[in-house]
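Residue-level structural notes
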Amino acid sequence: MKVLDMHTHSNHSDGTNSVSQLMKKAKNRSLELYSITDHDGISSQQEAVELSRVHNINYIPGVEINAEFPTLMDILGYGIDINSEELKEKLKFLSEKRIERNIKMIELLREENFNITYEEVLEFAGSETVGRPHIAGLMIQKGYGTTISEIIETYLTRGKKCFLERVKFSPKETIRIIKETGGTAVLAHPFKLRINNEQLENLIVELKYYGLDGIEAFHYSHSPEFTNYIINLAQKYNMLITAGSDFHGNNKPFVTFGVVLENQMACNIFSEFKDLII
């Protein structure tokens, strides 16, 4: 058995571990392949690249970009040019819109008599990159709930009164941004799309036409049966597969760092992505 992890989050987005802590985890678990894929941002990447060389880790720069879709669609970018000005500008735009959204959601929470401010959330998060888990974490600290998932599901998810949609790029534009910066585009956690297999196959055909390279087959939300379905679907359309834990540290305490795979599967994934190791 071999271990790799191509989908993790640092405290530069909504994870709770620093880049240094994640790199030590990758080293301690002897990952065959590793990537940090923060949401809509690459501020963690320079440090990650430098530390990967210190620890001799097979590291691929990554990002996870949320795309327009009726449910949750995220597209992972691997081997992106972390010095690309276009990529930085596109992600800066999303970051600015994310800040506006967070401020407005906090205003809605205050209208529901929750005594929190954006400044307090920033302090709680310890960075300027704030997500719903940080808002929920502060609310727990103030005694408004017991778990992050409880607060998000009650107030900060689609259909709830304090939730606002994010500004996103279309799937076509998201894939274009990744590809034009030299990256490989992979559809993250397809089970979270909440569509049936026929709809998913049709979507994969469409996204492949736009330039999608692969599909994340191994993810905590996938049953073994669904994982096998994704592997077969990827083979049918000559696409790559990836494996990622979607590790967020304490913000997703039920998710374990690293994905354990049969040797042949791990070797196949490594072979397909080895040229992206920096």
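Residues numbered from 1 in each chain as written. Predicted model: local features only at pLDDT ≥ 70, side-chain atom pairs only at ≥ 80, totals over all residues. Heavy atoms only, no water.

**Concerning unusual backbone geometry**
Unlike most non-glycine residues, Asn-238 shows phi in positive territory, near 55 degrees. Tracing the backbone shows Asn-238 in the loop between α9 (224–236) and β7 (240–243). (Helix = DSSP H or I, 4+ residues; strand = E, 2+ residues; numbered from the N terminus.)

**Thoughts on the pairing of strand β5 (residues 184–187)**
Covered by surrounding structure in β5 are Thr-184 and Val-186 together with Ala-185 and Leu-187, the residues of both alternating faces. Both strand β4 (residues 73–78) and β5 contribute to a ladder of four bridges, which runs antiparallel. The residue of β5 that forms the bridge with Ile-75 is Leu-187. Relative to strand β6 (residues 214–218), β5 is paired through two bridges, and the arrangement is parallel. Within β6, the position partnered with Val-186 by the bridge is Gly-214. (Buried < 20%, exposed > 50% of the residue type's maximum accessible area, 1.4 Å probe, protein only. Pairing = 2+ DSSP bridges.)

**A look at the nonpolar core**
Ranked by size, the top nonpolar core spans 63 residues in total, and within it Met-23, Tyr-34, Leu-212, Ile-269 and Phe-273 carry the most contacts. Ranked by residue count, the leading element in this core is α9, at five residues. Those residues in contact with Met-23 that sit more than four places away from it in its chain are Tyr-34, Ile-36, Ala-48, Leu-51, Ser-52, His-55, Ile-57 and Tyr-59. The next biggest cluster of nonpolar side chains, apart from the first, holds 18 residues, and it includes Met-105, Ile-106, Tyr-118 and Leu-138. (Core = buried A, V, L, I, M, F, W, Y, C linked by side-chain atoms within 4.5 Å. Contact = heavy atoms within 4.5 Å.)

**Some thoughts on the packing of helix α4 (residues 118–125) against helix α5 (residues 132–141)**
The N-to-C vectors of α4 and α5 enclose an angle of 95 degrees; their axes lie 9 Å apart at closest approach. In terms of orientation, α4 lies roughly perpendicular with respect to α5. Contacts from Glu-120, Val-121, Phe-124 and Ala-125 of α4 reach α5 at His-134, Ile-135, Gly-137, Leu-138 and Gln-141. (Axes fitted to C-alpha atoms, helices over the stretch in contact; angles between N-to-C directions. Parallel < 35°, antiparallel > 145°, perpendicular 65-115°, else oblique.)

**Comments concerning α4**
Turning to α4, its buried residues are Tyr-118, Val-121 and Ala-125. Relative to the axis of α4, the buried residues are bounded by an arc of 55 degrees and lie together on one face. Projecting away from the buried face of α4 at angles above 90 degrees are the exposed residues Glu-119 and Glu-123. The inward-facing, buried residues of α4 contact α3 (85–111) and α5. A positive phi of about 75 degrees marks Gly-126, the residue just after α4. (Arc of directions from axis to C-beta.)

**Points about the sheet that holds β5**
Here five strands make up an open sheet; going across it, the order is β3-β4-β5-β6-β7 and the pairing mixed. Only two strands of the sheet have a single neighbouring strand rather than two, namely β3 (62–67) and β7. The average angle at which neighbouring strand axes cross in this sheet is 35 degrees, direction not considered. Here β6 runs beside β7; their pairing, made up of four bridges, is parallel. Bridge pairing in β7 links Glu-216 to Thr-242. Those strands touched by helix α8 (residues 197–210) are β4, β5 and β6, and its axis lies near 165 degrees from that of β5.

**As for α5**
Taking burial as the measure, the 10 residues of α5 include seven buried ones, the bulk of the element. Looking at α5, one finds that the buried residues are Pro-133, His-134, Ile-135, Ala-136, Gly-137, Leu-138 and Met-139. The inward-facing, buried residues of α5 abut α3, α4 and α6 (148–155). Looking one or two places after α5, you find Gly-143, whose phi comes out positive at around 90 degrees.

**Examining the pairing of β3**
By the criterion of burial, β3 is predominantly enclosed, with six of the six residues buried. Burial along β3 is two-sided: Gly-62, Glu-64 and Asn-66 and Val-63, Ile-65 and Ala-67, pointing in opposite directions, are all buried. Inspection of the sheet shows β3 paired to β4 by six bridges, in the antiparallel sense. Residue pairing for β4: Ile-65 is matched across the bridge by Ile-75.

**Some thoughts on the pattern of salt bridges**
Here the structure, examined in full by the defined rule, presents 16 salt bridges. As a salt-bridge pair, Glu-112 and Lys-161 come within 3.6 Å of each other at their nearest N and O atoms. Residue Glu-112 is found in the loop between α3 and α4, and its partner Lys-161 is found in the loop between α6 and α7 (171–180); the two are separated by 49 residues along the sequence. Since its relative accessible area comes to 35%, Glu-112 is described here as partly exposed. The shortest N-O distance in the salt bridge between Lys-252 and Asp-246 comes to 3.4 Å. (Salt bridge = Lys/Arg side-chain N within 4 Å of Asp/Glu carboxyl O.)

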